[in-house]
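# Commentary on secondary and tertiary structure
Chain by chain, the residues run as shown.
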Amino acid sequence: AYDASPFVPEGADLGALRRAAGGCRGCPLYRDATGTVFGEGEPSARLVLVGEQPGDQEDRQGRPFVGPAGGVLGRAVQEAGIDPAEAYVTNAVKHFKFQQAERGKRRIHKTPGLREIGACRPWLRAELRLIDPEVVVALGATAGKSLFGPSFRVTEQRGVVLPMPALDGEEGGEGAGVLVATIHPSAVLRADAEARAAAYAGLVADLRVAAGVLN
Ligand code: URA
Ligand code: SF4
């Protein structure tokens, strides 16, 4: 089975983890992407935002949430009263999964599957174990599935404080933290003109729930 575990060093700090992730071959996604996009932020972060996977821009720049979805997320985080310096930003899957357009150079985003989500989870688990945040925010279905399992549904579980689930063999949850789920910021961009404002407001409202945990 696909699995990043053999590449995850034991006893590593975040810097060493990031360097090791650069050489991960735990699933086939490393082959076509430019490189690993690891999480970014302080090890002392009180809140961790978990996205899906890097997009086109993130893959080119090697940093999470630097493209259009990152713009939406940045605004929503500010509006929810979260200090960006307190937030560590990462993804459930750390390589860009895409399909080459038949003509031209455009790379079309493909949603990662359960196998890739499961393969990459050891990186996310290691990040969460080291940071031990007070609150984790799952942005969308892929992050939710990575943290809760395949039956997770954003629409049913968003905007409420949930106990942090155990991640693969851990004893019950990571530290004393909790989890809040919400939509992915790209869902705001995909919404049509009429639905967009409401989608964005929903994202901000859910992030406020997460911010409330910190106060
Ligand atoms: N979408 C994500 O889920 N993560 C990123 O880093 C960028 C876009
Ligand atoms: Fe490793 Fe995750 Fe990249 Fe797959 S997507 S190669 S598991 S870092």
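Calculation criteria
- Residues numbered from 1 in each chain as written.
- Chains lettered and ligands numbered in written order.
- Predicted model: local features only at pLDDT ≥ 70, side-chain atom pairs only at ≥ 80, totals over all residues.
- Near = placed C-beta within 6 Å.
- Nonpolar A, V, L, I, M, F, W, Y, C, P; charged D, E, K, R; others polar.
- Helix = DSSP H or I, 4+ residues; strand = E, 2+ residues; numbered from the N terminus.
- Expected span 1.5 Å × (residues − 1).
- Buried ≥ 20, exposed ≤ 12 C-beta atoms within 10 Å, placed from the backbone.
- Arc of directions from axis to C-beta.
- Contact = placed C-beta atoms within 7 Å.
- Axes fitted to C-alpha atoms, helices over the stretch in contact; angles between N-to-C directions.
- Parallel < 35°, antiparallel > 145°, perpendicular 65-115°, else oblique.
- Left-handed = near helix turned anticlockwise from the far one by under 90°.
- Core = buried A, V, L, I, M, F, W, Y, C linked by C-beta atoms within 7 Å.

### Focus: the site of ligand 1
As a matter of local geometry, ligand 1 sits amid 13 residues, with G51, E52, G55, P64 and A69 nearest to it. Split by residue class, the shell around ligand 1 holds 4 nonpolar, 7 polar and 2 charged.

### Structural notes on helix 8 (residues 193-214)
End to end, helix 8 covers 33 Å across 22 residues, agreeing with the expected 32 Å (1.5 Å per residue, within 8%). Taken together, the buried positions of helix 8 are occupied by Y200, L203, D206, L207, A210 and A211. Mapping the buried residues of helix 8 onto a view down its axis gives an arc of 150°, with all of them on the same face. For helix 8, the exposed residues set more than 90 degrees away from the buried face come down to E194, A195, A197 and A198. At its buried positions, helix 8 is contacted by strand 1 (47-51), helix 3 (68-79), strand 5 (135-139), strand 7 (178-182) and helix 7 (185-190).

### Remarks on the packing of helix 3 against helix 8
Where helix 3 meets helix 8, the closest approach of the two axes is 9 Å, and the angle between their N-to-C directions is 50°. On the basis of their axis angle, the class for helix 3 and helix 8 is oblique. Viewed along their axes, helix 3 and helix 8 form a crossing whose handedness is right-handed. Of helix 8, the residues touching helix 3 (which contributes A76, V77 and E79) are Y200, L203, V204 and L207. Taken together, the residues of the contact of helix 3 with helix 8 break down into 6 nonpolar, no polar and 1 charged.

### Topic: the nonpolar core
In terms of nonpolar packing, the biggest core is built from 53 residues, with L47, V48, V50, C120, V136, V137 and A138 touching the most fellow members. The biggest single contributor to this core is helix 4 (residues 114-131), with 8 residues. Those residues in contact with A138 that lie beyond four places of it in its chain are V50, A143, G144, L147, L179 and A181.

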